[in-house]
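# Descriptive structure summary
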Amino acid sequence: MGSNTVRSLDREPAALAMRIGVVAAEAALATFARNLDLDDLEDGVDFQGAIGPAEWPVFSLVIDTLAEAGPGDRRSLDERRADALNDLARICMAAKNRGAA
């Protein structure tokens, strides 16, 4: 790779990392939609019991990353995960809208 080689913006490492993140978010949201009944959310959700072992690694990575507690965050894990699901849906919608533009 010569010094005068120019990468297109969509091939820059940051852009590729962002795309991988969006793909992981979309896969996690699809996994959630396929495996969980929204009526069960009122009683809390056993995510690991509801998500298949093949899909669990990506789903848990995305949800646990989004549900990470910040300093002084007193919400329970279930509350943080519920908020993470909302964040996940917003990420996927924003990516979809951006891709359509």
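Residues numbered from 1 in each chain as written. Predicted model: local features only at pLDDT ≥ 70, side-chain atom pairs only at ≥ 80, totals over all residues. Heavy atoms only, no water.

The name an unreviewed UniProt entry gives the chain is DUF222 domain-containing protein, with Actinomadura monticuli as the organism.

### Description of the pattern of salt bridges
What the rule picks out here adds up to 5 salt bridges. For R81, the salt bridge goes to D64, with nearest N and O atoms at 3.3 Å. Separated by 17 residues along the polypeptide, R81 in helix α4 (residues 77–100) and D64 in helix α3 (residues 56–66) bring together distant segments of the chain. Residue classification places R81 among the buried positions, given a relative accessible area of 14%. By relative accessible area, which is 37% here, D64 ends up partly exposed. Residue R90 is joined to D87 by a salt bridge in which the shortest nitrogen-to-oxygen separation is 2.3 Å. (Salt bridge = Lys/Arg side-chain N within 4 Å of Asp/Glu carboxyl O. Helix = DSSP H or I, 4+ residues; strand = E, 2+ residues; numbered from the N terminus. Buried < 20%, exposed > 50% of the residue type's maximum accessible area, 1.4 Å probe, protein only.)

### Topic: the nonpolar core
Within the largest apolar cluster, 15 residues are counted, with the highest numbers of intra-cluster contacts made by F32, F47, F59, I63, L85 and L88. Elements with a contribution of two residues or more to this core: α1 (13–35), α3 and α4. For I63, the contacting residues outside a window of four places in its chain are R81, A84, L85 and L88. (Core = buried A, V, L, I, M, F, W, Y, C linked by side-chain atoms within 4.5 Å. Contact = heavy atoms within 4.5 Å.)

### Let's talk about α3
Within α3 the residues assigned to the buried category are W56, F59, S60, V62 and I63. Axial view of α3: buried residues confined to an arc of 165 degrees, hence all on one face. (Arc of directions from axis to C-beta.)

### Description of the packing of α1 against α3
One way to put it is that α1 packs onto α3 with a least axis distance of 9 Å and a crossing angle of 105 degrees. As judged from the angle between their axes, α1 and α3 are roughly perpendicular. Taking contact as the criterion, the partners of A24, A25, A27, A28, T31 and F32 in α1 are, on α3, V58, F59 and V62. Of the residues belonging to the contact of α1 with α3, the class tally is 8 nonpolar, 1 polar and no charged. (Axes fitted to C-alpha atoms, helices over the stretch in contact; angles between N-to-C directions. Parallel < 35°, antiparallel > 145°, perpendicular 65-115°, else oblique. Nonpolar A, V, L, I, M, F, W, Y, C, P; charged D, E, K, R; others polar.)

### Digging into the packing of aromatic side chains
Under the counting rule described, the total for this entry stands at 1 aromatic pair. Between W56 and F59 the ring centres are 6.0 Å apart and the planes differ by 40 degrees, which places this aromatic pair in the tilted class. Taken together, the residues W56 and F59, both in helix α3 and 3 residues apart, mark about one turn of the helix. Both residues of the pair, W56 and F59, belong to the buried class. (Phe/Tyr/Trp six-rings, centres within 6.5 Å; stacked < 30°, edge-to-face > 60°.)

### Looking at the side chain of R80
By secondary structure assignment, the location of R80 is in helix α4. There is no salt bridge for the buried R80, and the closest opposite charge comes from D73, which lies 4.7 Å off by N-O distance. Polar contacts involving the side chain of R80 include one to the main-chain carbonyl oxygen of R75, which spans 3.1 Å. (Lys, Arg positive; Asp, Glu negative; His and termini not counted. Polar contact = N/O pair within 3.5 Å; in protein donor to acceptor, adjacent residues only side chain to side chain.)

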